Amino acid sequence: MSATNTSWLDHGDNAWQLTAGSLVGLQSIPGLVVLYAGIVKRKWAINSAFMAFYAFAAVLICWVVWAYNMAFGEQWGSAPFIGIPGPIISMDDELRQALLPTSGIAPAYPMSTMVYFQFVFAAITLVIMAGAFLGRMNFIAWMVFVPLWLTFSYTVGAFSLWGGGFLATMGVIDYSGGYVIHVSSGTAGFVGAWWIGPRLTRDRDDFRPNNVLLMLVGAGILWTGWNGFNGGDPYSANADAGAAVLNTNICTAMSVLIWTLLDITFFKKPAVIGAVQGMITGLVAITPAAGVIAGWGAIVMGVLSGSIPWFSMNIVGKRFALFKKVDDTLGVYHTHTVAGIMGGMMTGVLATTEGCAAFGLTNPGGAIDGNWKQVSLENPLFLIYTSSGFNLLVPFSLSVSIFS
Amino acid sequence: MTSLILCFIKYALRIPLRMREEDLLIGDDAVHGEDAYAFGDTRRSLLHGDTERVPNNDDGELGVIHAKTPLSETGNGESSKSYEKAEP
């Protein structure tokens, strides 16, 4: 369709998609920017905020000049891993109808809306990863790292699952980026933290937040912004978008309650920083499932996301030498990798036939609807991602290390 | 892939992944020449270094704003900076 003939355009869909994209943008700037600024020690407030702020800007330029087409463009050669790099900045590129060529999806809004919507996800992936590097990374190294990681790692994951690559073809459900965004950023953050090395000992011993209220402002923007994160992924202002928004909030609220109850039970005090961690794990866990599971499924998901990452962070993280050696500043591995994998696997269990149909998938639901195959489908990913995360320790996984 | 990229930055481009130790001790002021807060009792701000808050009771509140001696003299900011550096 040409740019002048806009018979394909649906005003409602375009309005919602731009709104949803903007909400996700707000999650990074100022959401995570001020969350990081507040949660770190006073002397790292600017540096932490700036790492997030920089990543948002750098990702956009790389995105429109070459990376968007690597993630969502035409498949490169015969291997279904990556698209052909190239710019998407001509006037015709911006005005014509959106199309994901490999998977044949053609939403009722222009390409520019699609490119922006996918950009904010790519950006927040890098911003989340920064959370593992705070408090010691050389800013110049970060400036170089952002474009390289976007180009050689993010695009592969996005193409494989969303761009119509091999994982999508296999039938893996990743509703809104549980694997593409959270597992990959959490795992890459952990691996990167090992390479960069730990913070100063005295910073690790005493890393009291300099402004808990500012952190809460960021957390609130992050939570509500997730309405765009998950509500935008049907690519249309349809019924499933509403379901996704409600489920996202149900799961998150439950997760906050469970995390706080565990804090009270084990540490005798309800801590608001703990509640924010619970909020984040809830948001992450519901992400691969938001539009395909039912409201009660979201409650189940919230119970698990408030407890499993809690144990991972507070018990496993404090007992095992690996987690002491690798200084993942904000515990991104627990809040994103652990919660993301858990959410992905539970998607295989809790997905409903109606939800999948509303989202436009032909999968006959998950295990609760008798489709146990979906559980195992969500599983290979789990293995690929985790083994690639620990690729320094597990040599056999080097072959798949490309994924993170 | 993350490992490859970081090794490329470190060994091929010769860009250190970590800040220098002396920058790690100081933080924002050393890296960006900026501080997050324009007031406070541990470090003076470049912009508003001419004021400080003095507690007037022990209830934990920040207290009242007083005029402050210039940067060149031994003010609160100078002494706390050298204190930060001197810490082990």
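How each quantity is defined
- By convention here, each chain's residues receive numbers from 1 onward along its written sequence.
- Following the order in which they are written, the chains are lettered starting with A and the ligands numbered starting with 1.
- Two thresholds apply to this predicted model, a pLDDT of at least 70 for residue-level local features and 80 or more for giving and counting side-chain atom pairs, whereas whole-chain, interface and lining totals are computed over all residues.
- Note that the side-chain values use all heavy atoms of the structure and ignore hydrogens as well as water.
- Only runs of H or I of at least four residues qualify as helices and only runs of E of at least two qualify as strands under DSSP, and these elements are numbered from the N terminus.
- Relative accessibility thresholds used throughout: buried, under 20% of the residue-type maximum; exposed, over 50%; partly exposed, between the two (1.4 Å probe, protein chains only).
- Pairs of residues are marked as contacts when any of their non-hydrogen atoms sit within 4.5 Å.
- We get accessible surface area from the Shrake-Rupley algorithm with a probe of 1.4 Å; when it comes to residues, only the shown protein chains can shield them.
- Computed with a 1.4 Å rolling probe, the buried area is the accessible surface lost when two parts are put together, summed over both parts.
- We call two N or O atoms a polar contact when they sit within 3.5 Å, provided that within protein one can donate a hydrogen and the other can accept it, with sequence-adjacent residues counted only if both atoms are side-chain atoms.
- Note on terminology: a nonpolar core comprises buried Ala, Val, Leu, Ile, Met, Phe, Trp, Tyr and Cys residues joined through side-chain atoms within 4.5 Å.
- Pairing of aromatic rings covers Phe, Tyr and the six-membered ring of Trp, with a centre-to-centre limit of 6.5 Å; geometry is then stacked below 30 degrees between planes, edge-to-face above 60, and tilted otherwise.
- Each residue carries a pLDDT score, the predictor's confidence in it, ranging from 0 to 100.
- Residues enter patches when their relative accessible area tops 30% and they take part in no salt bridge; the joining distance is 9 Å for like charges and 5 Å for the nonpolar side chains Val, Leu, Ile, Met, Phe, Trp and Tyr.
- When a carboxyl oxygen of Asp or Glu is within 4 Å of a side-chain nitrogen of Lys or Arg, the pair counts as a salt bridge.
- Under the convention used throughout, the expected extent of a helix is 1.5 Å for every residue step, that is, one less than its residue count.
- Bend at a residue means the angle formed by two fitted axes: the first through the 7 residues ending at that position, the second through the 7 residues beginning there.

> Please provide a residue-by-residue account of the overall build of chain B, values included.
Assigned secondary structure in chain B consists of four helices and two strands. Listing the helices and strands of chain B from first to last along the sequence gives α-α-α-β-β-α. Going through the 88 residues of chain B one by one, you find that 26% of them count as buried. Contacts in chain B between residues far apart in sequence, at least 24 positions, make up 25% of those at least 6 positions apart. For chain B, the exposed surface amounts to about 5800 Å²; the carbon and sulfur share of it is 57%.

> Account for the overall build of chain A, with residues named and values stated.
A tally of helices and strands in chain A yields 16 helices and zero strands. Across the 404 residues in chain A, those meeting the buried criterion constitute 62%. Excluding contacts between residues fewer than 6 apart, the proportion of contacts in chain A whose partners are at least 24 apart in sequence is 74%.

> Any chance you could break down the interface of chain B and chain A for me, citing the residues and the numbers?
Taken together, the contacts link 34 residues of chain B with 37 residues of chain A. A combined buried area of about 3000 Å² lies between chain B and chain A, and 63% of that area is made up of carbon and sulfur atoms. At the boundary of chain B and chain A, one finds 16 residue pairs in polar contact (both at pLDDT 80 or more). When residues of the side of chain B that touches chain A are traced back to their parent elements, those giving at least two are helix H1 (2-12), helix H2 (21-26) and helix H3 (28-32) of chain B.

> Before we move on, could you go through the nonpolar core and cite the residues and values that matter?
One broad trend across soluble globular proteins is that nonpolar side chains are buried collectively. Residues and elements named next belong to chain A. Judged by nonpolar contacts, the single largest core of 97 residues is most densely connected at Trp63, Leu126, Trp142, Phe145 and Tyr154. When residues of this core are assigned to their parent elements, the largest contribution, 17 residues, is made by helix H4 (residues 111-133). Membership of the second largest hydrophobic core comes to 17 residues, among which are Ala285, Ile286, Val292 and Ala298.

> Break down the side chain of Ser255(A) for me, with residues and values.
All names here are of chain A. Relative to the helices and strands, Ser255 resides in helix H10 (residues 239-267). A distance of 2.7 Å separates a polar atom in the side chain of Ser255 from the backbone oxygen of Gly278. Reaching out from Ser255, the side chain makes a polar contact with the side chain of Thr281 at a distance of 3.3 Å. Not counting residues up to four positions away in its chain, the partners in contact with Ser255 are Gly278, Thr281, Gly282, Gly302, Ser305 and Gly306.

> Tell me about the packing of aromatic side chains, and name the residues and values.
Residue and element names in this part refer to chain A. Evaluated as defined, the whole model comprises 23 aromatic pairs over all chains. On the basis of an interplanar angle of 35° and a centroid distance of 4.7 Å, the ring pair of Phe50 and Phe139 is categorised as tilted. Placement of the pair is Phe50 in helix H2 (residues 45-72) and Phe139 in helix H5 (residues 139-161), with a sequence separation of 89 residues. Taking the relative accessible area as the measure of exposure, Phe50 reaches 35% and is therefore partly exposed.

> Lay out the confidence of the model for chain A with the relevant residues and their values.
Averaged over all residues, the pLDDT of chain A equals 85, while 86% of them reach at least 70. In this model residues 379-404 of chain A is a low-confidence stretch, pLDDT under 50, and it forms 56 contacts with partners more than four residues away in sequence or in other chains.

> I'd like to hear about a nonpolar patch on the surface, residue by residue, with values.
Together, Ile61(A), Val65(A), Trp66(A) and Ile89(A) line one region of the surface with nonpolar side chains, adding up to about 350 Å² of accessible area. Tracing the backbone shows Ile89(A) in the loop between H2 and helix H3 (91-95).

> Describe in detail helix H1 (residues 11-39) of chain A, supporting the description with residues and values.
All names here are of chain A. A rise of 1.5 Å per residue sets the reference length of H1, with its 29 residues, at 42 Å; its end C-alpha atoms lie 40 Å apart and thus fit the reference within 8%. Along its length, H1 shows its largest kink, about 35°, at Gly31. N-cap assignment for H1: the residue whose side-chain oxygen lies 2.9 Å from the backbone N of Gly12 is Asp10.

> Account for the confidence of the model for chain B, naming residues and giving values.
Confidence in the prediction for chain B averages 68 pLDDT; 47% of positions are at 70 or higher. Mean pLDDT across the secondary structure elements of chain B bottoms out at helix H4 (residues 76-86) of chain B, with 43, and peaks at H2(B), with 90.

> Outline the environment of Ser7(A), supporting the account with residue identities and numerical values.
All names here are of chain A. Along the polypeptide, Ser7 turns up in the segment before H1. Classification of Ser7 by relative accessible area gives exposed; the value is 57%. Sequence-wise, Ser7 and Trp142 are 135 residues apart; in three dimensions their C-alpha atoms are separated by 44 Å.

> I'd like a description of the side chain of Asn314(A), backed by residues and values.
Position of Asn314(A) relative to the elements: it lies in helix H12 (residues 295-319). Setting aside anything within four residues of it in sequence, one finds Asn314(A) in contact with Trp259(A) and Phe267(A).

> Quick rundown of unusual backbone geometry? Include the residues and the values.
Residues and elements named next belong to chain A. Geometrically, the link from Ile29 to Pro30 is a cis peptide bond, its omega value of 10° lying close to zero. Relative to the elements of secondary structure, Pro30 occurs in helix H1. With phi around 60°, Tyr235 is a residue other than glycine that occupies positive phi space. By the secondary structure assignment, Tyr235 is in the loop between helix H9 (212-231) and H10. Phi is positive for Lys268, which is not a glycine, with a value near 70°. Along the polypeptide, Lys268 turns up in the loop between H10 and helix H11 (272-286). Residue Lys268 is classed as exposed on the basis of its relative accessible area, which comes to 65%.

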